[in-house]
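# Descriptive structure summary
Residue-level listing of the chains:
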Amino acid sequence: MLVIENLVKRYGKFKAVDGLSLEIDKGHIYGFVGPNGAGKTTTMKIIAGLLKPTQGRVIVNGTDVSVDPRGVKRKIGYMPDFFGVYDDLKVTEYMNFYCGVYHIPRPERRKITGQLLDLVDLSVKKDAYVDSLSRGMKQRLCLARSLIHNPELLILDEPASGLDPRARIEMKEILKELKGMGKTILISSHILPELAEVCSSIGIIEHGKMVVSGTVDEILKKTAKKKTIRIRTLDNLESALKYIEEQPSMSGISINSDFIDADFDGNSQILSEILKGMVMNGIPVTSFSELEGSLESVFMHLTEGGIQDAS
């Protein structure tokens with residue numbers, strides 16, 4: 001559905017996008033992850049035909065964006081990270097306006113508007129003014145707007161940014177429903193656990209370059225050089241800490257109020273011996289387990305900055 005080949009975007013000597021390549025199959029949700037300034041929004045604007053690339057190609061379902069930008073725009077729905085709404089319009093008036101922008105015949109507009117408001121759970125607000133909606137409702141309205149012309153590819157730049165937990169859950173459920181409808185979705189976000197739940201694949205970019213791409217499981221396997229072991233004791237946590245610090249296969253040790261985390265780079269036999277040694281030394285171990293890898297830890301490992309809003 002979407003093919004990006006060696007994409008480059010320069011602003012003078014600065015490269016916002018630097019040789020980026022990726023492919024997204026039809027019906028998949030692809031998560032675009034990276035710190036502030038990584039090049040995510042620039043890439044999305046190029047796909048949407050809002051920016052011209054310095055070099056490289058973007059092809060949407062067989063159509064080259066540089067050759068036929070108007071044709072590509074008919075195939076995509078774009079929801080930017082910052083978008084304008086018309087506060088003095090009612091929800092149905094807002095949708096009708098965009099139906100006109102996309103040349104939807106008047107007899108079809110009411111039906112399409114009703115279906116999309118149902119999809120994003122805004123039917124009860126159809127007669128409300130846009131400025132009376134909560135931030136989450138405005139986000140869902142803008143998503144409905146991007147679906148008016150029934151696009152094949154959705155480009156969603158930070159659709160859950162600034163939303164409360166309930167609104168993020170609602171957005172996540174809508175994305176799952178859109179995937180079930182066969183839509184292909186490219187979504188950028190820094191809310192990593194939610195991406196892991198809804199995305200078929202994820203790409204992490206830094207300084208305009210793709211650092212790693214694949215399914216969440218594939219990325220975790222590629223980057224998991226060490227295991228993290230969490231140890232809990234009934235009491236005497238300090239004795240457990242001292243014992244763990246003496247083990248050459250343990251590093252990166254941190255202590256919390258009721259557990260110890262440590263990186264472990266040995267095999268199962270060594271791990272078994274460590275546990276056995278703790279018990280023989282009278283340390284009352286209540287839990288000794290390996291933590292599953294997390295997308296957050298991978299992100300922090302692969303990028304130079306912290307988790308910030310995408311741009």
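Source: prediction; values computed, not measured. (Residues numbered from 1 in each chain as written. Predicted model: local features only at pLDDT ≥ 70, side-chain atom pairs only at ≥ 80, totals over all residues. Heavy atoms only, no water.)

Scanning the protein from terminus to terminus reveals 11 helices and 14 strands. Within the protein, the proportion of its 311 residues that are buried is 46%. In the protein, the proportion of contacts linking residues at least 24 apart, taken out of those at least 6 apart, comes to 68%. Accessible surface for the protein amounts to roughly 15,700 Å². Of this, 49% is attributable to carbon and sulfur atoms. (Helix = DSSP H or I, 4+ residues; strand = E, 2+ residues; numbered from the N terminus. Buried < 20%, exposed > 50% of the residue type's maximum accessible area, 1.4 Å probe, protein only. Contact = heavy atoms within 4.5 Å. Areas by Shrake-Rupley, 256 points an atom, 1.4 Å probe, with all protein chains shown as cover.)

Structurally, Leu2 is set in strand β1 (residues 2-11). Looking at Leu2, the relative accessible area reads 0%, which means it is buried. The spatial distance from the C-alpha of Leu2 to the C-alpha of Ile59 is 5.8 Å, given a sequence separation of 57 residues. Here Leu2 is in contact with Leu22, Glu23, Ile24, Ile47, Val58, Ile59, Val60, Leu153 and Leu186, once residues within four sequence places are set aside.

Moving on to the sheet that holds strand β13 (residues 260-264). The strand order across the open sheet built from 4 strands is β12-β13-β11-β14, with neighbouring strands paired in antiparallel fashion. Two strands bound the open sheet, and with one partner strand each, they are β12 (250-255) and β14 (285-291). Between one strand axis and the next, the sheet turns by 20 degrees as a mean value, whatever way the strands run. Bridging between strand β11 (residues 227-233) and β13 involves 5 bridges; their strand directions are antiparallel. Residue pairing across strands places Thr228 opposite Asp263, the latter belonging to β13. This element, helix α9 (residues 237-245), spans β11, β12 and β13 of the sheet and lies at about 160 degrees to β12. On the sheet, helix α10 (residues 268-280) packs against β11, β12, β13 and β14 and is oriented at approximately 160 degrees with respect to β14. (Pairing = 2+ DSSP bridges. Axes fitted to C-alpha atoms, helices over the stretch in contact; angles between N-to-C directions.)

Across the interface, helix α3 (residues 91-101) lies against helix α5 (residues 135-146) with an axial gap of 10 Å and an inter-helix angle of 30 degrees. The pairing of α3 with α5 is recorded here as roughly parallel in orientation. Crossing handedness for the pair α3 and α5: right-handed. Here Val91, Tyr94, Met95 and Tyr98 of α3 lie close against α5, whose contacting residues are Leu141, Cys142, Ala144 and Arg145. Among the residues making up the contact of α3 with α5, the classes are represented as 7 nonpolar, no polar and 1 charged. (Parallel < 35°, antiparallel > 145°, perpendicular 65-115°, else oblique. Left-handed = near helix turned anticlockwise from the far one by under 90°. Nonpolar A, V, L, I, M, F, W, Y, C, P; charged D, E, K, R; others polar.)

Keep in mind that these numbers describe shape and distance, not what the molecule does.
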